[in-house]
Amino acid sequence: TVNNTDGTCTANLTNRTNKRLTINGAMTIAQRGSSSTIDGYGSIDRFRSNLAGCDENPTQSQSDVASGTTPYTLGFRKAFKFTNGNQTSGAGTTVCVAILHRIEAQDIANSGWNYTDSNSKLTLSFWCKSSVAQNFYGFFRTQDGTSQLNAFETGSLTADTWTKVTKTITGDSNLQFDSNNDTGLDIEFTMFRGTDRTGTLTLNQWAAYNTNVRVPDMTSTWYTTNDATFEITGVQLEVSDHATSFEFLSFADELRRCKRYYRILQDASGGACYMGAVAYNYDGNTVVVQVNFETEMRATPTLDNTSGTNYYRFYRNSSYVDINAFNSISGMTKYGGAFNNSDSGSGTAGQAGAVVLNNTAAKLAFDAEL
């Protein structure tokens, strides 16, 4: 649109690059596996379950988007899926079943959003589907300064039908985002919350965060339906006053973004395998493994490894030492570091060798999640 008086031009651009502030919004990356019942990150990278008070934890999983449907026709092939458990006690007051996505404060602070200006806007868009016809809620929550909350609703969903939801939020003088790598903005998609965290609030408006009122009172139909499902994909947050087409990235590019928060160094799900890292015997008993991260992690990570009898082996000098698990040691940074075996072995100090994952359940990974 051209202003004929001063010649200024306003354009709505749909194919901007690097516009998507959410990571893995097409749900293509699932380093931890295809499904889990834990409260936390268990399947889809960068999207975690938020569970409390359930009789049987719902299952989070990476699901396939059925061909012929929209959003399949728009290029989406994967979704985050919740499959409800059997909630025999009904809708308890402390129950929470939700999907949570967290964004670093510095990514919001440096996004181009003038977040203290009510004329500057962010737009969230996503596709969702529920096996139960119902209205669902969610919210944005800031973490820095005085925490603020802005709740929204999906509108009534038709059962088993994909629906696109778009929510635009404005800046507010009370918002604060520090330029650091801590959590800046939470986005929650809520299947159900009990009454100890619900109440009366105004939707689509910023207000001081109240831990006791995060969304309006919710119908319990989905939660009390055994094996009810909820799926979501195409999650995009962008600096815009409207939703533009989803920014698809290659699998490799999306994986690289996810590895800032979690990265599998090696897993043996496909069978026993050698680990591509430098290993040596430090003092005759201690096997030290040195790693360097090709992508800088968000913060100094913790070692995430499965343990079990002889899950790992240190091969050197035509023989091996069995190892059950590993520990992080001092010196680990967001760029790399070292870890060692947690159980005593035997060998000769100074010997170099290779670590083999000796059980299909064995896994070595690093976690720097928000």
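Preceding block: the structure.
In this text the structure is predicted, and so the values were computed from the model without any measurement.

Asks: Just give me the short version of the overall build of the protein, but keep the residues and values in it.
Replies: Across its full length, the protein holds two helices and 23 strands. In terms of overall dimensions, the protein has C-alpha extents of about 80 × 60 × 45 Å along its principal axes. For the protein, restricting intrachain contacts to residue pairs at least 6 apart in sequence, the fraction spanning at least 24 positions comes to 75%. A total accessible area of about 15700 Å² is found for the protein, and carbon and sulfur atoms account for 42% of it. Looking at the protein, you have 28 positive and 35 negative side-chain charges, and the mean spots of the two groups are 3 Å apart.

Asks: Talk me through the sheet that holds strand 10 (residues 183–193); I want residue IDs and the actual numbers.
Replies: The antiparallel open sheet is built from six strands, whose spatial order is 2-5-10-7-8-11. What marks the edges here is a single partner per strand, and that holds for strand 2 (47–52) and strand 11 (207–208).

Asks: Go over the sheet that holds strand 4 (residues 78–83), please, and point to the residues and values.
Replies: Taken together, six strands build an open sheet; the order of strands is 1-3-4-12-6-9 and the sheet is antiparallel. Each end of this open sheet is capped by a strand with a single partner; those strands are strand 1 (35–36) and strand 9 (163–170). Both strand 1 and strand 3 (residues 59–64) contribute to a ladder of two bridges, which runs antiparallel. Looking across to strand 3, one finds that Ser-35 is bridged to Ser-61.

Asks: Mind laying out the pattern of salt bridges, listing which residues take part and the relevant values?
Replies: Side chains that differ in sign of charge can pair as their charged atoms come close. Under the defined criterion, the tally for this structure stands at 17 salt bridges. Between Asp-39 and Arg-48 there is a salt bridge whose closest N-O contact spans 3.0 Å. With a closest N to O distance of 3.3 Å, Glu-296 and Lys-334 form a salt bridge. Taken together, the residues span a long stretch of sequence, with Glu-296 in the loop between strand 16 (287–292) and strand 17 (302–305) and Lys-334 in the loop between strand 20 (326–328) and strand 21 (336–341) at a distance of 38 residues. Bridged by salt links that share partners, the residues Arg-20, Glu-254 and Arg-257 form one connected network.

Asks: Just give me the short version of the nonpolar core, but keep the residues and values in it.
Replies: Within the largest apolar cluster, 48 residues are counted, with the highest numbers of intra-cluster contacts made by Phe-189, Trp-222 and Leu-237. In terms of residues, this core owes the most to one element, strand 10, which gives five residues. Beyond its immediate sequence surroundings of up to four residues, Leu-237 is in contact with Lys-19, Arg-20, Leu-21, Thr-22, Ile-103, Ile-108, Leu-122, Thr-123, Leu-124, Phe-140, Leu-185 and Ile-187. Counting 25 residues, the second largest nonpolar core, distinct from the first, contains Cys-273, Ala-277, Val-289 and Val-291.

Asks: Summarise the environment of Tyr-261; cite the residues concerned and give the values.
Replies: Inspection of the secondary structure puts Tyr-261 in the loop between helix 2 (251–258) and strand 13 (262–267). On the accessibility criterion, Tyr-261 (2% relative accessible area) is buried. Expressed as a C-alpha distance, the spacing of Tyr-261 and Thr-202, which sit 59 residues apart in the sequence, is 34 Å. Separated by 2.6 Å, the side chains of Tyr-261 and Glu-104 make a polar contact.

Asks: So, unusual backbone geometry: which residues are in play, and what are the values?
Replies: For Arg-46, which is not glycine, the phi dihedral falls at a positive 70 degrees. As for its placement among the helices and strands, Arg-46 is situated in the loop between strand 1 and strand 2. Relative accessible area serves as the criterion here: at 1%, Arg-46 is assigned to the buried category. A positive phi angle, near 55 degrees, is found at Asn-317, a position not held by glycine. Position of Asn-317 relative to the elements: it lies in the loop between strand 18 (312–316) and strand 19 (319–323). Its relative accessible area of 63% is what places Asn-317 among the exposed residues.

Asks: Pulling in residues and values, what's your account of helix 2?
Replies: Among all positions in helix 2, only Glu-254, Leu-255 and Cys-258 are buried. Angular distribution of buried residues about the axis of helix 2 spans 100 degrees; they occupy a single face of the element. Buried residues along helix 2 sit against strand 13.

Asks: Lay out the packing of aromatic side chains in plain terms, naming residues and giving numbers.
Replies: Overall, the coordinates contain 20 aromatic pairs when judged by the stated rule. Aromatic side chains Phe-76 and Phe-248 sit 4.9 Å apart centroid to centroid with 45 degrees between the ring planes, which places their arrangement in the tilted category. You can see Phe-76 sitting in the loop between strand 3 and strand 4 and its partner Phe-248 sitting in the loop between strand 12 (229–239) and helix 2, a full 172 residues away along the chain. Taking the relative accessible area as the measure of exposure, Phe-248 reaches 38% and is therefore partly exposed. These aromatic residues form a ring-pair network of at least three members: Phe-293, Tyr-311, Tyr-312, Phe-326, Phe-339 and Phe-366. Over the ring of Tyr-262 we find Arg-32, and its NZ or CZ is 3.7 Å from the ring centre. Above the ring of Tyr-41, the side-chain terminus of Arg-48 is found at 5.9 Å from the ring centroid.

Asks: Kindly report on the side chain of Arg-313, identifying the contributing residues and their values.
Replies: Tracing the chain through its elements places Arg-313 in strand 18. At 3.3 Å, the side chain of Arg-313 forms a polar contact with the side chain of Tyr-320. Filtering out sequence-adjacent residues up to four positions away, Arg-313 remains in contact with Tyr-320, Val-321, Asp-322, Ala-354, Val-355, Val-356 and Asn-358.

Procedures and definitions
For every chain, the first residue of the written sequence is number 1, and numbering continues from 1 along that sequence. Only residues with pLDDT of 70 or above have their local features reported here, since the model is predicted, and side-chain atom pairs are shown and tallied only from 80 upward, although totals for entire chains, interfaces and linings are computed over all residues. Working from all heavy atoms in the structure, the side-chain values ignore hydrogens and water. By the criteria applied, helices consist of DSSP H or I runs no shorter than four residues and strands consist of E runs no shorter than two, each listed in order from the N terminus. Contacts were defined at the residue level, with two residues in contact if any of their heavy atoms lie within 4.5 Å. Accessibility throughout is a Shrake-Rupley quantity obtained with a 1.4 Å probe, and a residue counts as covered only by protein chains that appear here. Here the positive residues are Lys and Arg and the negative ones are Asp and Glu; neither His nor the chain ends is included. All charge positions are set by atom: Lys at NZ, Arg at CZ, Asp at CG, Glu at CD. Should DSSP find at least two bridges between two strands, the strands are regarded as paired. Criterion for a salt bridge: a side-chain nitrogen of Lys or Arg within 4 Å of a carboxyl oxygen of Asp or Glu. Here the nonpolar core consists of buried residues drawn from Ala, Val, Leu, Ile, Met, Phe, Trp, Tyr and Cys, with membership extended through side-chain atoms lying within 4.5 Å. Burial classes follow relative accessibility: with a 1.4 Å probe on protein chains only, a residue under 20% of its type's maximum area counts as buried, one over 50% as exposed, and anything between as partly exposed. Polar contacts here mean pairs of N or O atoms no more than 3.5 Å apart (in protein, one a potential hydrogen donor and the other a potential acceptor; neighbouring residues in sequence count only if both atoms are side-chain atoms). When we speak of the arc, we mean the arc of directions from the helix axis to the C-beta atoms. Ring geometry is summarised as follows: Phe, Tyr and Trp rings, the Trp one being its six-membered ring, pair when their centres sit within 6.5 Å, and such pairs are stacked at plane angles under 30 degrees, edge-to-face over 60 and tilted between the two. Comment: the charge-over-ring label is applied if NZ (Lys) or CZ (Arg) is within 6 Å of the ring centre and within 35 degrees of the ring normal.

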